[in-house]
Amino acid sequence: MLKDMPPIGFGLWKIAPEDCEATVLEAIRAGYRHFDSAADYGNEVEVGRGIAAAIAQGLATREELWITSKLWNTFHAPEHVALACQKSLDDLGLDYLDLFMIHFPIALEYVPIEERYPPEWLHDPAAAEPVMKPARVPLHETWGAMEKLVDGGQVRRIGVCNYNTALIHDLMRYCRIAPAELQVESHPYLVQPGLMRLARDYGIHVTAFSPLGSLSYVEIGMAGSGDTVLTEPVVVAAANAHAKTPAQIVLRWGIQRGNAVIPKSTNPGRMRENLAVTGFSLSDAEMAAIDALDQGRRFNDPGVFCEGAFGTFHPIYD
Ligand code: A2P
């Protein structure tokens, strides 16, 4: 039987490669068993070293760990999917992934691994006027190649990230192997009740990224320090009522909705704090009050950041 995804995972986006091995080792020591990696994060070699060190120290076995990685946009053509998966496996030092996901529903022109890795968004960053180059690859072809990875045993499950409801309906019409997981941004300012309900109706489990809201985006100028959900009175009231921190309340709200959450912290104290969100429950009234903070506020939107950073307007959400 396939193991279940641990509901609290450890997010690896933006963890500097030089900090990654020690951070992953410390996270496994703290009790994390689920790691959310991606080729695009540019740190899979170091993540793999942290995993290997933890296994060598007897802190966990490979089977006790859940490792997710993601297919980058430039590898959507069916002939490149297995290649990209193998690169992530090699970098992570693993012989299978628990979950492999399409990172964005955005196909970009192929960049050979030997040329540049991770390839990121721009086709030729050294050009006088670098551009994003869309590739003519339909998502159903990419999914077909993802299914073959399950057949071949390189990955146990496959899923999608950053899909909207229409793309999920479409995927459910053509898939041979159904997506096990949908990973999307979700926090109290972006509750996405319809998307969550649809995923549940199709039997697709959801992972919420950026579960604490704006925090990850302040340092990269995509949110202001005043955008935090952690000072919302209903969050603070629940924190006081349960003798927990506001971050623990927001993460508890996430898992109590039935989602997995993947907070990240390089601080050993906050790492442990974020894991300690079981053993208490929010009341229906507290859940509803946090649900009501929804503003439809998305911090991670290619329609915004691709235009700002790469001069290409490429929205995927309406
Ligand atoms: P740090 O690494 O210094 O702890 P997200 O997981 O939603 O993307 O947020 C990650 C950001 O939130 C990081 O800047 C991290 O900083 C910070 N963070 C993580 N956990 C907590 C927490 N429990 N309380 C406050 N800030 C946190």
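These numbers were taken from a predicted model, which means no experiment stands behind them.

Quick notes on the rules
- Residues numbered from 1 in each chain as written.
- Predicted model: local features only at pLDDT ≥ 70, side-chain atom pairs only at ≥ 80, totals over all residues.
- Heavy atoms only, no water.
- Helix = DSSP H or I, 4+ residues; strand = E, 2+ residues; numbered from the N terminus.
- Buried < 20%, exposed > 50% of the residue type's maximum accessible area, 1.4 Å probe, protein only.
- Pairing = 2+ DSSP bridges.
- Contact = heavy atoms within 4.5 Å.
- Axes fitted to C-alpha atoms, helices over the stretch in contact; angles between N-to-C directions.
- Arc of directions from axis to C-beta.
- Polar contact = N/O pair within 3.5 Å; in protein donor to acceptor, adjacent residues only side chain to side chain.
- Near = heavy atom within 4 Å.
- Areas by Shrake-Rupley, 256 points an atom, 1.4 Å probe, with all protein chains shown as cover.
- Nonpolar A, V, L, I, M, F, W, Y, C, P; charged D, E, K, R; others polar.
- Right-handed = clockwise from strand over helix to strand, strands pointing away.
- Core = buried A, V, L, I, M, F, W, Y, C linked by side-chain atoms within 4.5 Å.
- Phe/Tyr/Trp six-rings, centres within 6.5 Å; stacked < 30°, edge-to-face > 60°.
- Parallel < 35°, antiparallel > 145°, perpendicular 65-115°, else oblique.

1. Some thoughts on unusual backbone geometry
Then step 1. A cis geometry characterises the amide bond from Y117 onward to P118, with omega recorded as -10 degrees.
Then step 2. Position of P118 relative to the elements: it lies in the loop between β4 (97-102) and α4 (139-152).
Then step 3. Positive phi, close to 70 degrees, is recorded for K14, a residue that is not glycine.
Then step 4. Given the relative accessible area of 27%, K14 is considered partly exposed.

2. Remarks on the sheet that holds strand β6 (residues 181-185)
Then step 1. Overall, parallel pairing links the eight strands, which are arranged β1-β2-β3-β4-β5-β6-β7-β8 in an open sheet. Either end of the sheet is taken by a strand with one partner, and the two such strands are β1 (10-11) and β8 (260-261).
Then step 2. For strand β5 (residues 155-161) and β6, the ladder comprises three bridges, and the chain directions are parallel. Note on β6: the bridge partner recorded for V160 is L182.
Then step 3. Together, β3 (66-71), β4 and β5 form the strand contacts of α4, whose direction differs from that of β5 by roughly 155 degrees.
Then step 4. Across the sheet, helix α6 (residues 193-201) lies against β6 and β7 (205-209), angled at about 175 degrees from β6, the strand it touches most.

3. Considerations on helix α10 (residues 268-275)
Then step 1. Those residues of α10 that fall on the buried side of the exposure criterion are M271, N274 and L275. With its buried residues spanning 100 degrees around the axis, α10 presents them on a single face.
Then step 2. Looking at the buried residues of α10, the elements they touch are β1, α1 (17-30) and α9 (246-256).
Then step 3. Where α10 begins, the capping side chain belongs to N267, and its oxygen is found 2.9 Å from the backbone nitrogen of G269.

4. With respect to the site of the ligand
Then step 1. In the vicinity of the ligand, 15 residues are found, and the nearest of them are S216, K264, S265, R270 and N274.
Then step 2. At a separation of 3.0 Å, a nitrogen atom of the ligand approaches a polar side-chain atom of E273.
Then step 3. Between the ligand and N274 there is a distance of 2.8 Å, counted from a nitrogen atom to a side-chain nitrogen or oxygen.
Then step 4. Alone, the ligand offers 570 Å² of accessible surface; in the complex the protein occludes 83% of this.
Then step 5. Breaking the shell around the ligand down by element, the ones donating at least two residues are α7 (215-218) and α10.
Then step 6. Per-element tally for the shell around the ligand: the top contributor is α10, with three residues.
Then step 7. A breakdown of the residues in the shell around the ligand according to their chemical character gives five nonpolar, six polar and four charged.

5. Side note on α9
Then step 1. Burial of α9 is extensive: nine of the 11 residues sit out of reach of the surface.
Then step 2. A247, Q248, I249, V250, L251, R252, W253, G254 and I255 are the residues of α9 that are buried.
Then step 3. Next to the buried residues of α9 lie α8 (233-242), β8, α10 and α11 (284-291).
Then step 4. G258 occupies a position one or two residues after α9 and carries a positive phi of about 100 degrees.

6. Focus on the pairing of β7
Then step 1. β7 sits mainly inside the fold: four of its five residues count as buried.
Then step 2. Taken together, the five bridges between β6 and β7 define a ladder with parallel strand orientation. Bridge pairing in β7 places E181 opposite H205.
Then step 3. Crossover handedness for the path β6 to α6 to β7: right-handed.
Then step 4. The pairing of β7 with β8 spans two bridges and is classified as parallel. The partner of T207 across the bridge, within β8, is A260.

7. Digging into the nonpolar core
Then step 1. With 90 residues, the main nonpolar core has Y32, F35, L97, W121, M146 and L182 as its most contacted residues.
Then step 2. Those residues in contact with F35 that sit more than four places away from it in its chain are F10, L12, V24, A27, I28, L65, W66, I67 and T68.
Then step 3. In this structure, M5, L99, C161 and A260 belong to the second largest nonpolar core, which totals six residues.

8. Describing the packing of aromatic side chains
Then step 1. Here the structure, examined in full by the defined rule, presents 12 aromatic pairs.
Then step 2. Arranged with centres 5.8 Å apart and planes meeting at 50 degrees, the rings of F10 and F35 form a pair that is tilted. In this pair, F10 is assigned in strand β1 and F35 in strand β2 (residues 34-36), connecting sequence segments 25 residues apart. Both residues of the pair, F10 and F35, count as buried.

9. So, the packing of α8 against α9
Then step 1. For the pair α8 and α9, interaxial distance at closest approach is 8 Å and the crossing angle is 100 degrees. By the angle between their axes, α8 is roughly perpendicular relative to α9. Residues V235, A238, A239 and H242 of α8 pack against P246, I249 and V250 of α9.
Then step 2. Each residue belonging to the contact of α8 with α9 can be placed in one class, and the counts come to six nonpolar, one polar and no charged.

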